[in-house]
Amino acid sequence: MTKRCGRSAAGIAVVVFMASPLAAQNGQPQEARTARVISDTGRLKGPRQPIFFRHDVHAGQSRIPCMYCHASVAVSSEPGIPAVQTCFGCHQLITGSTDEHKAEIKKVQQAWIGKQPPQWIRVHALPGFVRFPHMRHIKALGTQACATCHGQVERMPQVYQVSTLKMGWCVNCHVRSGVSRDCTLCHY
Amino acid sequence: MGEPMERRRFLKVLGVTGGGAALLSGCGIGPEPTEKLIPYLIPPEDQVPGTPTYYATTCRECPAGCGLHAKVREGRVVKLEGNPESPINHGRLCPRGQAGLQGLYNPDRVAGPLERTGDGQWKPIAWDDAIGRVAAKVKGARGKGIVFVTGHESGAFGELVDEWMRQVGGRHVIYEPFAFEALREGNRLAFGTSAVPWYDFANARYLVSFGADFLDTWVSPVGYQNGFARAHGFQAGRDASMAKFVFVGPRLSLTGMNADEWIAAAPGTEGLLALAMASVIVRERLAPVPSDAARLASLLSRHAPAQVASAVGIEPSVIARLAREFAASKGGLAVAGGIAAQYPNGAAIVAAANILNYVAGTVGKTVKFGPNDSLGGAGAGSFQQMADLVSDMEAGKVAVLLVHGANPAHSLPGAFSQAIAKVGFKVGFSPYLDETAAAADLILPDLHPLEQWNDARPRAGLFALLQPVMQPVFPDARHTGDVLLRASGRDQTFQEYLQGRWRELHRRHGGGKSFEQFWSEALQHGGVYGEAPLQPVRLASGVAQLTATPPALAGGPGETVLTVFPSIGLYDGRGANKPWLQELPDPVSKITWHAWVEIHPATAARWGLTNGDFLLLKSPYGTVKAPVWITPGVRPDVLAAATGQGHTAYGRYAKDRSGNAFELLSSAPNGYGGRTFSVAVSVVKTGEHRRLATAEGDPRELGAHNVEVLPLGRARQLKSGERAFEEHEAPAYAERALEDWAAAQHEKASLGNYAGEHPRWGLAIDLATCTGCSACVTACYAENNIATVGEELVVRRRVMSWMRVERYYTGGEHGEPVGAVVTPMLCQQCGNAPCEPVCPVFAAYHTADGLNGQVYNRCVGTRYCSNNCPYKVRYFNWYNFAEQGGEWESWPAPLDMLLNPDVTVREKGVMEKCTFCVQRIRGAQNRARLEDRTVRDGEIVPACAQACPSEAIVFGDLHDRRSRVSELAQDPRGYHVLAGLNTKPAITYLAKVVHDG
């Protein structure tokens, strides 16, 4: 219910689009890049998560497709968040190269063993009166289109919100794409 | 399935974020500070977030055994729908079945086992201790009387109880307050079998019901309504359509309202009428009478129309006419039950109706013995058994009483409640603290039927399965089957026990499949649906001795006959803890949330009563106070009252809500071991008055032509392309304005979103098959997160029902016969909608696909739209019904778990309305888009159309010329409500058709 959120983040969105229009169309980088070493996590954008899960390592460096973990995005309105089993599927073998990585991966293993899934802080949220069918957007824009709204997650050590997710932002894109902007498309 | 606790917490979060609750947050960026996403440990294979999964199971809200599809989103059930594969209900579901969901998520469920302490308080107890205590008490009571009372159980659970009782030397008493004893005994008297046959309504060509309210609660109301609609509906091309339906009974029930002719026979004389009809058929040789009917000769000659007419209260010529019509139809069906089966001579009335069927040759055609209902046969319980139990309890012959799935303390208030005090140890298995559980020493809460394994055999040849469709809402409740197996020292779960039973079925019906495959297919389809062969029946030898003489019901002077009938929504009282059913207007009286007494206008005038005046009813067995509701639908010498209310426990929605009609009834069984539901009462005006919590506008239509009626002869003459109802859409002086409007519309249709081809969604409602049962109303509540507002707000006319069923009485004046017509009223999605132009903020607007859209987040609550709506189908949120802990809270936890995540929960100050289930339209469009196709006709089914047991509602695209709805919109019977206002509604009503004369 506040007005603080809109302006600054909208600026970020514009910057991202302008800086890398091609990447904005593609969820996956064209070539693998090595994720940088983070010394000061306090300066990272976005909410601090219970496990320092690095999208830049998984999606960027290791080039794991978004849909490996967010499996239902192309068939359902909800993209789904990976179960601990999915994390542990790899991390029972991959235990990390540095002490920092090892410490975080250990949390995953503990979550699995202790049956206590991590409580992620939600980054992208819509109000309760909005329906956003993910699958239709993936159908129209392709499985590489995640970045259109979520930004270059494969470069984010910690995920933050780049788009306002406000109605004007939605409608702008609908107008540009020449698709319906009927109210009851999203509001019911 | 992972670890249950984690999973549920995760689901709660997903529910909130997925749109279950409208946190009207204005901020589009940044997380809500409290929002967390908690993943599964192991993802369930059959769940996709954001997409519903359907599980087949079986409804246990009444003994009918309808098949269910439980819609599960993110691991919790959000809606119950009929299973289209079930031969019982054909994919349809009544209000009670749908409200099973509110039993599952009931906020007053008992969370875990409780024991009563010395000072009468409840104290939690561990399961192991509790089961240990039960086992020890049962062991110690061997020979001193162990009784297990259950409701109607036709499957494995009942067998387990039988087994256990045999093992410990106890007995199993099956108790249903409405147990159809008269039906069984009547069939035994006439045919020598106590089976309850299957009545083939769909193939009947003439129907006579002697009190049997088969559209209300009788035997299998959903299936029978479906059949009735097929037989009684009007189909232009089919000669056999429009089977005439005659209802005989003292009260115009929902079933009676749908009759073409109502014979308000004197109470208890229904059997005389049936025998008189049979005597006419035999005397006039109207049908090829079976040879063994000769033994009926003296019985029938004693019941010629002239001899019984005065007792029944109709002309002999009417009886002869009915008999001739019945026989001439060559497909008659007479059913007896309901009120007629609740007199002391109820069994004789049923037997008389059987004789009528027999001489008319319909037994084996429309009355099918063989596929018998599980309510019949020797194993079904009777009131006699319950009465015997009560006297045993009184005599101290019962040491341990276990009660599951029954609430005798409510339905037998005096006798049982006194007797239970003399039982040493009482165990209640109810998931709710009902009256019987409240009198127990130990409560071992059972799982809700939606959470448990079980099966049911609703009809011979049909084996229906129940499976848990979600994790238990209260994890510390436990399946009573598991508890019994533990208490009897068997190392087995109930699921294994059930599968053991099904291995037997597999041997007979497996068809070469492995058991695993057989089992999983049965789970998928909701059961195994076979057909039982027909069994011929012959007249019983003693049938000629039948006496159908009516009993003397009214006693001394000043006494009136009161008939107590089962409530359509609350049934025997088990529905009273579900707010959907409490707020569902009774299909006949339209009263919600409280009890009432029905009284004829002439009697009310004589006694000086107006609607809402309280009467104190005194019978020899008890007294009840209730407000009167004046209706032409009851005989002047009869009062009528519904069961269901008057609970002294059973949770916040049921407790302390008016009187309990069961209190007026005798607790002694009658001659056929059933209960007598008619009683002589004396009546005292208390002088008190209340406003009835009614949803009725006016009892009569007052010439508005909301419900158009066509005589059958006229309807048959109508040719395709013709219109029976000429619609003057506008007076001449308005034509210019109309032309301007049309031009403006044309111009607007080329702009923006509106350019191009779009569907126009429309509905067709066939009033020839709509019975007014109100299944659509509850379906709408369930699908669209409609708040229940409570008694006070209903009185203040603030009920939120987007879909209402209007009932108007007809006739009754100037000697015309009394009848009633019904019509569902919902948003008409006008093409030229009065609500839209008056909205100052464009919250009410026209969508490109022809809906009157309502944008909740844009609405500021001026209510102009509602003021301008001629149909009064817009509803305003006067309070915040979703506020947790608020004064008007509609979904106290965990009831909020049933909210449909696809529909916004509206806030205070917002107008809401029907949009043809736009979430289902968008859902179907999304699916179609994924599959690169267009939406198919019939793919989108709004909740009301889906539930409708009559299949009276059809939805589709009016612009698609091949769609069913556009075909129906062109039907000669079609008309639009208030068409003269030039609103151009998208709903076409098809006129009701009535028999000529």
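Before reading on, note that the structure itself is shown above.
Residues numbered from 1 in each chain as written. Chains lettered and ligands numbered in written order. Predicted model: local features only at pLDDT ≥ 70, side-chain atom pairs only at ≥ 80, totals over all residues.

A. Structural context of the overall build of chain A. In terms of regular secondary structure, chain A is built from nine helices and one strand. Walking chain A from its N terminus toward its C terminus, one meets helices and strands in the order α-α-α-α-α-α-β-α-α-α. When each of the 188 residues of chain A is scored for burial, the buried share is 30%. (Helix = DSSP H or I, 4+ residues; strand = E, 2+ residues; numbered from the N terminus. Buried ≥ 20, exposed ≤ 12 C-beta atoms within 10 Å, placed from the backbone.)

B. Local environment of helix H28 (residues 918-930) of chain B. Residues and elements named next belong to chain B. For H28, built from 13 residues, the straight-helix expectation of 18 Å at 1.5 Å per residue is met to within 8% by its first-to-last C-alpha distance of 18 Å. All of the buried residues in H28 are Val918, Gln919, Arg920, Ile921 and Arg922. Of the residues flanking the end of H28, it is Asp932, one or two places downstream, whose phi is positive at about 50°. (Expected span 1.5 Å × (residues − 1).)

C. Expanded view of unusual backbone geometry. All names here are of chain B. That bond from Ala893 to Pro894 is cis: its omega, 0°, falls within 30 degrees of zero. Within the secondary structure, Pro894 is located in the loop between strand S33 (874-876) and strand S34 (911-913). Of note in the backbone geometry, His90 takes a positive phi value of approximately 50° without being a glycine. Tracing the chain through its elements places His90 in the loop between strand S4 (76-82) and helix H2 (95-98). Looking at His90, the number of C-beta atoms within 10 Å reads 18, which means it is partly exposed. Unusually for a residue other than glycine, Phe180 sits at a positive phi of about 60°. The topology assignment puts Phe180 in the loop between strand S8 (171-174) and helix H6 (181-191).

D. The packing of helix H11 (residues 305-312) of chain B against helix H12 (residues 316-328) of chain B, seen in detail. Residues and elements named next belong to chain B. One can describe the packing of H11 onto H12 by two numbers: an axis separation of 8 Å at closest approach and a directional angle of 110°. The orientation of H11 relative to H12 falls into the category roughly perpendicular. Both H11 and H12 take part in a crossing whose hand is right-handed. Each of Pro305, Ala306 and Ala309 in H11 lies in contact with H12, whose residues at this interface are Pro316, Ile319 and Ala320. Classifying every residue of the contact of H11 with H12 gives six nonpolar, no polar and no charged. (Axes fitted to C-alpha atoms, helices over the stretch in contact; angles between N-to-C directions. Parallel < 35°, antiparallel > 145°, perpendicular 65-115°, else oblique. Left-handed = near helix turned anticlockwise from the far one by under 90°. Contact = placed C-beta atoms within 7 Å. Nonpolar A, V, L, I, M, F, W, Y, C, P; charged D, E, K, R; others polar.)

E. Molecular detail of the sheet that holds strand S13 (residues 332-336) of chain B. Residues and elements named next belong to chain B. As summarised here, the arrangement of the four strands in space is S12-S11-S10-S13, forming an open sheet in which the pairing is parallel. Every interior strand has two partners, whereas the edge strands, strand S12 (261-263) and S13, have only one. The sheet shows a mean angle of 15° between the axes of neighbouring strands, direction not considered. (Pairing = 2+ DSSP bridges.)

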